[in-house]
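Each chain is listed here by its residues.
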Amino acid sequence: MSSDDTSSGYVLDTPYLFEFQEELSPVRLNYTALLGGYPAVPLDRPFRYLDIGCGYGVTLAVLAAAFPDARFTGIDLNPDHIREAADLASDAGNLRLLCGGFDDVALGPDEQFDFVVMHGLVSWLDDGPFAALTDFLDRHVAPGGIVYASYNALPGWSATQSLRSRLLAEAATIDGNAADRAMGAITALQQMKSANIAFFRCYPELGNHLDRLADMDPRYVVHEFLNASNRAFEAADIFDRFSTAGLTFAGTATTFLTYVDLAFPPLLQDKARSCTTRTELEMLRDFVRNETFRKDVFVRGSTQLSADDWQAALHDIPVAASLPVSLIEREVGFGEIAIQYDGEVFDPVIDILSGRAASPAQLTRLIDGLDIDMASDATAFLIAGGQFHAALKPTESVTVPERCRIVHDTTRRLIDRLAMDEGEAPVVAPALGSGLRLGGSTAMMLRALDVAPDTAVDWLMAEMARTGHQLAGVGDHAFGDAVAREQLNDAFAAFRSGWLPKLLELGVVEAAD
């Protein structure tokens, strides 16, 4: 989509959300490609990364800090997004931000990228711009490169399309900016729901979805429903379109969907295993799950690793916990299926990984009686559960020093900009080769430790008074109340014993002089 298309229906008067997309980390993208049998992009050399539709650049800011030797480029149509992105990453000498459409920004004709990511973009493209996108990818994805594309999916979005059409029609009758029109349209449809119309009787879940939309951030509703083009695709259609750019589907960034045992109900697992092509399997799974959104990963080329090389690569991937051990849930549900993370294999593996990142091969040397297949399976299912992630490098257990400080200024800016206003903030975690999403309260405690290590609670109380926001756990007491201070003291003590060791291990903070 070129910048000339900004009047053709892409909403510009309402910026998008501040979002950090964990799936866009080069480490995570490499892991998805590797699960599909394809080689990873080497991360121990400078690589090139492009985000088309980068929004406020939150993900780019984190990744540019985590990989200072790599080169990052972000493209977005909205000048407000680009300006904010430049502020968030103001000291990132390895990040270039371009305002415009993907086919008219100032890229060199021979410039190629090892990673190209597009979160939600393709759902906003009609056939003409989509063809231009695949031509762009054909020119600018390097051999062996990895491409990420997420989009509204069929069959799950089928009925939602009708809801969206009505929202568009109602919004067209309302004055105001896009956010005003979006929320006014939702109110109009809620009135129809109250009238018990046939549409909502036939599709009760869409009525529930409408009510959820009413409570969501208007910025999300605008961009999800009011752009002139908002399409849903079958996976096979996307695979065919991307194949014209020499791209082969490698897997889904929603990791648990890779595994038949987790993605299909037991009665259909044999049917899933009988599929003869990956496309057939993906189409069956989308139908079974009534999929509404896909996160696809593609590779430039179709040569897969040999079985031996594939196994060896998986065995050497470090795996890290992204939560303190006290917050790790031992049962995780995947729809109708749940995994209990306990027993003679999971217990010792979690015990080690909760304090340090280690690969399956390392785990076999650290745990008596654990063979490589058991270690590989255990870490794979832990990653699928979302509380553990492929990491950039192994780590070691840490001892918490008396004083700590935040390592990256990017982390400071993200917390200052997002923690109070957005209720969460990502922080740069170099050991993960990514970021770590922290709740607003946790992020503010980290910032307090950095700014005022001796008077952290006083600093937090002052920030709450200044911003008018409260932190989770403080309750409804007036600012300055003794009970609120006591609660903050308890919360900060829990942060030091729980989150701080994890943040030290992952390189978010370091010992202060």
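What you see is a predicted model; the values in this text were computed from it and never measured.

Rules behind the numbers
- Residues numbered from 1 in each chain as written.
- Predicted model: local features only at pLDDT ≥ 70, side-chain atom pairs only at ≥ 80, totals over all residues.
- Heavy atoms only, no water.
- Buried < 20%, exposed > 50% of the residue type's maximum accessible area, 1.4 Å probe, protein only.
- Helix = DSSP H or I, 4+ residues; strand = E, 2+ residues; numbered from the N terminus.
- Pairing = 2+ DSSP bridges.
- Right-handed = clockwise from strand over helix to strand, strands pointing away.
- Salt bridge = Lys/Arg side-chain N within 4 Å of Asp/Glu carboxyl O.
- Phe/Tyr/Trp six-rings, centres within 6.5 Å; stacked < 30°, edge-to-face > 60°.
- Expected span 1.5 Å × (residues − 1).
- Contact = heavy atoms within 4.5 Å.
- Axes fitted to C-alpha atoms, helices over the stretch in contact; angles between N-to-C directions.
- Parallel < 35°, antiparallel > 145°, perpendicular 65-115°, else oblique.
- Nonpolar A, V, L, I, M, F, W, Y, C, P; charged D, E, K, R; others polar.

1. Looking at the pairing of strand β2 (residues 71–76)
Regular strands place their side chains on alternate faces of the sheet. Across the six residues of β2, five count as buried, placing the element largely inside the fold. When strand β1 (residues 48–52) meets β2, the two strands line up parallel, connected through five bridges. Opposite Y49, over in β2, you have F72 as the bridge partner. Crossover connection from β1 via helix α2 (residues 58–66) to parallel β2: handedness right-handed. In this structure, β2 lies alongside strand β3 (residues 95–99), joined through five bridges in parallel fashion. Along β3, the bridge assignment pairs T73 with R96.

2. Things to note about the environment of G335
Assignment of secondary structure puts G335 in the loop between β10 (331–334) and β11 (337–340). For G335, a relative accessible area of 76% puts it in the exposed group. Between the C-alpha atom of G335 and that of L323, which follows or precedes it by 12 residues, the distance is 22 Å.

3. Describing the pattern of salt bridges
One pass over the full model with this rule turns up 38 salt bridges. R241 is paired through a salt bridge with D127; the nearest N and O atoms lie 3.2 Å apart. Residue R241 is located in helix α10 (residues 235–243), and its partner D127 is located in helix α4 (residues 127–140); the two are separated by 114 residues in the primary sequence. According to the relative accessible area criterion, D127 is partly exposed, its value standing at 47%. Notably, a salt bridge pairs K193 with D211, separated by 2.3 Å at the nearest N-O pair. With K193 in helix α6 (residues 178–194) and D211 in helix α8 (residues 204–215), this residue pair connects regions lying 18 residues apart in the sequence.

4. Focus: the packing of aromatic side chains
This structure, assessed with the given rule, holds 20 aromatic pairs. With 5.1 Å between their ring centres and 70° between their planes, F47 and F67 make a pair best called edge-to-face. With a gap of 20 residues between them, F47 in the loop between α1 (26–35) and β1 and F67 in the loop between α2 and β2 connect regions that are remote in the sequence. Aromatic side chains Y49 and F115 sit 6.0 Å apart centroid to centroid with 40° between the ring planes, which places their arrangement in the tilted category. Of this pair, Y49 sits in strand β1 while F115 sits in strand β4 (residues 113–119), and the two are 66 residues apart along the sequence.

5. Considerations on helix α21 (residues 482–497)
Between its first and last C-alpha atoms α21 spans 23 Å; for 16 residues at 1.5 Å apiece the expected length is 22 Å, and the two agree. Taken together, the buried residues of α21 touch α19 (440–451), α20 (456–467) and α22 (499–505).

6. With respect to the packing of α4 against α10
When two helices pack together, their arrangement is given by the angle between the helix axes and the distance between those axes. It is the contact of α4 with α10, at a shortest axis distance of 9 Å, that shows an interaxial angle of 50°. On the basis of the axis angle, α4 is oblique to α10. Listed contacts from α10 to D127, F130, T134 and L137 of α4 are I238, R241 and F242. Broken down by class, the residue content of the contact of α4 with α10 amounts to four nonpolar, one polar and two charged.

7. Section: α2
Of all nine residues that make up α2, nine are buried, and the element is covered over most of its length. Taken together, the buried positions of α2 are occupied by V58, T59, L60, A61, V62, L63, A64, A65 and A66.

None of this, on its own, says anything about what the molecule does.
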